Amino acid sequence: MTSNSTMAPSNIPETMLAAQIEEFHKPYKLNTIPVPSQLGPHDILVRTAVASLCHTDFMALEGIMNSPLPVTGSHEGSGTVAAVGSSVNDFAPGDRVMCNLLYSLCGKCGDCKGPENYSQYCTQHGGHLGITRDGNFAEYVKVDARTAAKLPDNLSFETAAPLACAGCTAYRGILQAKAELKAGEWIGIVGSGGGLGHLGVQFAKALGVKTVGIEARDVGIELTKKAGADAVVDARIGNEKVVEEVKRLTGSDGVGATVVLSDAKGAAALSCAITRMHGTVIQIAQPKEFSIPFHELVFRDIRVKGSLICSVQEARDMLELVGKHKISVNTNAFTGLKELPKLFELAESGKMKGKGIIIVDPEQIKKEKASG
């Protein structure tokens, strides 16, 4: 490897396996490609331990994210630093890290210079891992050290990988919702038993906020309960009864704020309906379109806000919270990039509980477990 980098003691190969999108609407293809050989001053080369599957990976396959082809998928990953760029001081070879999907924030735009928790909205960044840049479905990945995060000692690779997007997204949504609450109010989570939802429930609990989960799948209801929701309502009873039940459970006119993590038709409207007058709905799910009855906005003064992933500092704070409160990710693990089709099949079946992950490097997992 010829670069302006500090090398790890172990040899870094010239080639690696990577699962790539070569054509939209076609499955990922497993290719042998070069290991990134040039590191910029702020880059780190990470030997991937675990890569996680996200809903956005499906969007990338469909061409919705305008990914340049070919591109290596997955923006949720964890692993060990193998080499660092010349200006990297906070990371060293051997460090265990979570790979943030953001690459090279510009540092000059209003969002970069404004409140720290808006930096992730930078529109002049250098790309997103797994979407516009090569990501974690590979044995090595090049990451921006300025957005990466070290793992707490008690946080495993398998837990950390899904947190890079699902965790960051759910955590910020809960932070946004919590900021809108009055004393004693609850948060509602619509889609509480999915990959993001079960994390959101745990984050709310760790932050001391009561949560009512709304789910329409048996596996989702089961996972919502496992995550520790204070109350769970089956959305299949119908919107009117859901609203009545939420009001009964919370002993109020509705929750103070609701986080929407379901892209089901009607999820946004239901979220508004369970939220008290003048309350806030945080829209995170990304359906092609969603509809809200005008009376929710006009007559009930429901405010709707979008929310993206965490900022860099929020992501690092999230990892500390996960370690401190022993927050868990319900994972469905497959070993080896060759197993990616099986993971996609499970994800598309609607039967997956939590997040699907690929163990890219079993040796790192073994070493981690051996070290305790």
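Treat the numbers as computed from the prediction; the structure is a model and nothing was measured.

This part covers the packing of aromatic side chains. For the coordinates displayed, the defined rule picks out six aromatic pairs. Between Y28 and F344, the aromatic rings sit 5.6 Å apart at their centres with planes inclined by 45°, giving tilted as the arrangement. Linking Y28 in the loop between strand 2 (15–21) and strand 3 (29–34) with F344 in helix 10 (residues 340–349), this pair joins segments that are 316 residues apart in sequence. Assessed through its relative accessible area of 13%, Y28 is described here as buried. A residue is classified by how much of its surface remains accessible, and F344, at 9% relative accessible area, is buried. Through pairs of rings, three or more aromatic residues link up here, namely Y28, F58, F137 and F344. Sitting over the ring of Y103, R133 keeps its end group 3.6 Å from the ring centre. The ring centre of F91 lies 5.8 Å from the NZ or CZ of K150, which sits over that ring.

Counting buried positions along strand 2 gives five out of seven residues, so the element sits mostly inside the fold. For strand 2 and strand 3, the ladder comprises six bridges, and the chain directions are antiparallel. For L17, the partnering residue across the bridge sits in strand 3 and is T32. Relative to strand 5 (residues 71–72), strand 2 runs antiparallel, the two being bridged by two bridges. Bridging across to strand 5, Q20 finds its partner in T72.

Summarizing the sequence annotation, UniProt attributes the feature "domain: Enoyl reductase (ER)" (unreviewed entry) to residues 19–358 in the numbering used throughout. Between the C-alpha atoms that bound residues 19–358 there is a distance of 11 Å. The span itself is 30% helix and 24% strand.

The next thing to look at is the sheet that holds strand 11 (residues 211–215). Here we have six strands laid out as an open sheet, ordered 12-11-10-13-14-15, and parallel in their pairing. The open sheet has two edge strands with one neighbour each: strand 12 (231–234) and strand 15 (303–306). Averaged over all adjacent pairs, the angle separating strand axes in this sheet is 20°, with direction ignored. Note that strand 13 (residues 255–260) and strand 14 (residues 275–283) share five bridges and pair parallel. Along strand 14, the bridge assignment pairs V255 with T275. The sheet contacts of helix 6 (residues 239–250) involve strand 11, strand 12 and strand 13, and relative to strand 12 the element is tilted by about 170°.

Partitioning the chain into structural domains gives domain 1 (15–165 + 310–370) and domain 2 (169–306). In this structure, domain 1 and domain 2 have C-alpha centres spaced 28 Å apart. Contact residues are listed per partner, giving 25 residues for domain 1 and 19 residues for domain 2. Surface buried jointly by domain 1 and domain 2 totals about 1,900 Å² across both partners, of which 58% is contributed by carbon and sulfur atoms. Counting the surface domain 1 buries against domain 2, the share from its top three residues, L321, I327 and K353, is 23%. Its salt-bridge partner being E222, residue K353 comes within 2.7 Å of it at the nearest N-O pair. The tally of links between domain 1 and domain 2 comes to seven residue pairs in polar contact (both at pLDDT 80 or more). Within the residue set of the side of domain 1 that touches domain 2, elements represented by two or more residues are helix 1 (55–61), helix 3 (157–178) and helix 9 (312–325). In terms of residue class, the side of domain 1 that touches domain 2 is made up of twelve nonpolar, eight polar and five charged.

Quick notes on the rules
- Residues numbered from 1 in each chain as written.
- Predicted model: local features only at pLDDT ≥ 70, side-chain atom pairs only at ≥ 80, totals over all residues.
- Heavy atoms only, no water.
- Phe/Tyr/Trp six-rings, centres within 6.5 Å; stacked < 30°, edge-to-face > 60°.
- Helix = DSSP H or I, 4+ residues; strand = E, 2+ residues; numbered from the N terminus.
- Buried < 20%, exposed > 50% of the residue type's maximum accessible area, 1.4 Å probe, protein only.
- Lys NZ or Arg CZ within 6 Å of the ring centre and 35° of its normal.
- Pairing = 2+ DSSP bridges.
- UniProt positions renumbered as here; feature names shortened; annotations may be inferred.
- Axes fitted to C-alpha atoms, helices over the stretch in contact; angles between N-to-C directions.
- Contact = heavy atoms within 4.5 Å.
- Domains from an automatic or database assignment.
- Buried area = accessible area lost by both parts, 1.4 Å probe.
- Salt bridge = Lys/Arg side-chain N within 4 Å of Asp/Glu carboxyl O.
- Polar contact = N/O pair within 3.5 Å; in protein donor to acceptor, adjacent residues only side chain to side chain.
- Nonpolar A, V, L, I, M, F, W, Y, C, P; charged D, E, K, R; others polar.

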